[in-house]
Every structure is written in C-alpha cells, then in structure tokens.
Amino acid sequence: MPDRPRPHRPAATRAPPAPPVPGSPLPAGDFGPWAEGLDAAIQGERDSDVPCGDCAACCSAGQFIPVGPDEHDALRAIPAALLFPAPRMPKGHMLMGHDAKGRCPMWIHQRCSIYASRPRACRTYDCRVFAAAGQDGPEGNPDPAVSHQARRWRFGLESLADAQGFAAVRLAAARLRARVLPPELAPAHATQLAVLAFKLRALFLDEAAGGSPPSAERVVGAVLALRAAQARP
Ligand code: SF4
Ligand code: SF4
C-alpha cells in the first residue's frame, strides 16, 4: 500500500529522468530477494516495500481488509462501526469493508488517514504477488487498477533458484485454480489465491525442477498446517 505523505527528497541537481510511460514494465526485483522480503512481511518481521510510486490502486480496490484480534493499534484507529466479524474465522477476527466505489473508508483526502496504525494486511500487501502467481489479468484480479499495475511487474529470473522459485509459485497457483482443495479450504478470492500459492511454493519446487507434482494430500496437509499456524495466538 502506498506510503503517504511522501518523504522529503532533496532538490535534484540535474535534470530528472523522463517519467515512465503509463503501463510500461516495472522492475519487480530479482525473484529470490523479493520472495524473502515478502516472507518476512507475512511473518510480521517487516513491512512490505513496494515501490508504489503514485499508485494507490489497492486502497480503492473494493477489498475487505482483515484485522486480527492482536492488531490493537488498528482496532483502536478504525471506528468499530466499520468492522464486522470475518466469516469462517475464529472469534475476534474482523473485516473492514469499503464504500460503494470500492474505497477503503480510511482513505481520506487522498491518503491513508491511519497510516501509522494501518492493519497488517495493508503493511504486507504487495501486488507483485499477483504477477508471481500469474493472477495479473482481469480474470485473476477483478480490480482493473490493481490488475493494470500487477501486469507491469517484471521479476529478475537470471539465477536457476530465482527461475525455479518463480515457476513454483505459478505451478502452485495453477493447482489451486484447478481446485485441488476442498471448498472449506479453498481461497475465497484472487488475493487469497495468489498469497496461498506464494506460501505453498516450496511444495512445488521439485515439479519446477522437472520432477513430480506434489500429491493432493500433501497440498491439503500444507494448507491445514498454515491454517493452524494462523489461528495460533
Ligand atoms: S496496487 Fe501495488 S503498486 Fe499500487 S499502491 Fe497497491 S501495492 Fe502499491
Ligand atoms: S487502511 Fe489505509 S492503507 Fe489500508 S486500505 Fe485503507 S487507506 Fe489503504
């Protein structure tokens, strides 16, 4: 999610480079370091660091923002009337909705009004995960502005590890789209599918290297383990 207001930058001492053409490719970084960074963000060890530029698409993408029971700052900052219990989640897990135009209610005067206390989902959001999972088209992400941005990212895939890690996320996403999971475990929307594919990528590294795909039982077991870890206080 975009960092607003922008930090002060010193005055340029020479002519700035030409601005990128809208819709032009954006460097997403080498896949491996990017994946390590997103792993750390998901673990709560750091915030994601997407070079968002002027994009603010994900704050008006019609997304329900999850807020966990341990997110005390966010729960204090968000009016209680904007939160409701998250379906299929343990007690205390909440969701924040959006307005009729898909805007987050905390997006006020063109900025996040609770930036310092924004929910974990916002701190860890990284639309490059859609590009990694191949969810960067309108079918994969119904929000046109996020899809547009996600289609621009290009990962560095020079090393074998980077290429295989990237392929493993794609394979995991394809398997999830082929409904390997029972309905009660299946991702409910595009963001969940892309993030779950990213989290499951280690299971698909053998296949990415030319080996066999993991069994459905292994995929289900891995998802149950992730669920159990998430529900732990
Ligand atoms: S859609 Fe992506 S680039 Fe745009 S604000 Fe959100 S995270 Fe940043
Ligand atoms: S809480 Fe802030 S960062 Fe998160 S979606 Fe709303 S406006 Fe964007």
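Caption draft 1: Representation of the environment of Leu205 in the model. Turning to its location among the elements, Leu205 is positioned in helix 8 (residues 205-208). C-alpha separation for the pair Leu205 and Ala168, spaced 37 residues apart in sequence, amounts to 5.3 Å. Residues contacting Leu205, with those up to four places away along its chain left out, are Gln164 and Ala168.

Caption draft 2: Here's a closer look at the pairing of strand 7 (residues 153-156). Going residue by residue along strand 7, you find Trp153 and Phe155 tucked away on one face and Arg154 and Gly156 left uncovered on the opposite face. Bridge count for strand 1 (residues 26-30) against strand 7 is four bridges, and the pairing is parallel. Looking at the pairing, Asp30 lines up with Gly156 of strand 7.

Caption draft 3: A look at the nonpolar core. Core analysis: the largest hydrophobic core is formed by 52 residues, its most contacted members being Val129, Ala133, Val169, Ala172, Ala194, Ala197 and Phe198. Split by domain, this core shows at least three residues from each of two domains, domain 1 (27-49 + 128-143 + 156-233) and domain 2 (51-125). Not counting chain neighbours up to four residues away, the residues in contact with Ala194 comprise Val129, Phe130, Ala133, Gln135 and Ala173.

Caption draft 4: Quick peek at the site of ligand 1. The full set close to ligand 1 counts 13 residues, and Cys52, Cys55, Ala57, Cys58 and Cys127 are the nearest of them. Of the residues assigned to the shell around ligand 1, the class counts are 11 nonpolar, one polar and one charged.

Caption draft 5: Region of interest: the packing of helix 1 (residues 31-42) against helix 6 (residues 160-177). Where helix 1 contacts helix 6, the axes come no closer than 8 Å and their chain directions differ by 55 degrees. Taken together, the axes of helix 1 and helix 6 lie oblique to each other. Along the contact surface, helix 1 presents Phe31, Gly32 and Ala35, while helix 6 presents Ala161, Asp162, Gly165 and Phe166. Looking at the contact of helix 1 with helix 6 residue by residue, the classes come out as four nonpolar, two polar and one charged.

Caption draft 6: Focus on the environment of Asp99. Its location among the elements puts Asp99 in the loop between strand 4 (94-96) and strand 5 (107-108). Considered as a pair, Asp99 and Gln63 are 36 residues apart in the sequence and their alpha carbons are 10.0 Å apart.

Caption draft 7: Here's a closer look at unusual backbone geometry. For His109, which is not a glycine, the phi torsion comes out positive at approximately 50 degrees. Tracing the chain through its elements places His109 in the loop between strand 5 and strand 6 (111-112). Phi at Arg179 takes a positive value of approximately 60 degrees, unusual for a residue other than glycine. Locating Arg179 in the fold gives a position in the loop between helix 6 and helix 7 (190-199). Among the residues examined, Arg179 registers 9 C-beta atoms within 10 Å and is labelled exposed.

Parameters and conventions
- Residues numbered from 1 in each chain as written.
- Chains lettered and ligands numbered in written order.
- Predicted model: local features only at pLDDT ≥ 70, side-chain atom pairs only at ≥ 80, totals over all residues.
- Helix = DSSP H or I, 4+ residues; strand = E, 2+ residues; numbered from the N terminus.
- Contact = placed C-beta atoms within 7 Å.
- Buried ≥ 20, exposed ≤ 12 C-beta atoms within 10 Å, placed from the backbone.
- Pairing = 2+ DSSP bridges.
- Core = buried A, V, L, I, M, F, W, Y, C linked by C-beta atoms within 7 Å.
- Domains from an automatic or database assignment.
- Near = placed C-beta within 6 Å.
- Nonpolar A, V, L, I, M, F, W, Y, C, P; charged D, E, K, R; others polar.
- Axes fitted to C-alpha atoms, helices over the stretch in contact; angles between N-to-C directions.
- Parallel < 35°, antiparallel > 145°, perpendicular 65-115°, else oblique.

Function cannot be read off these values alone, since they describe shape.
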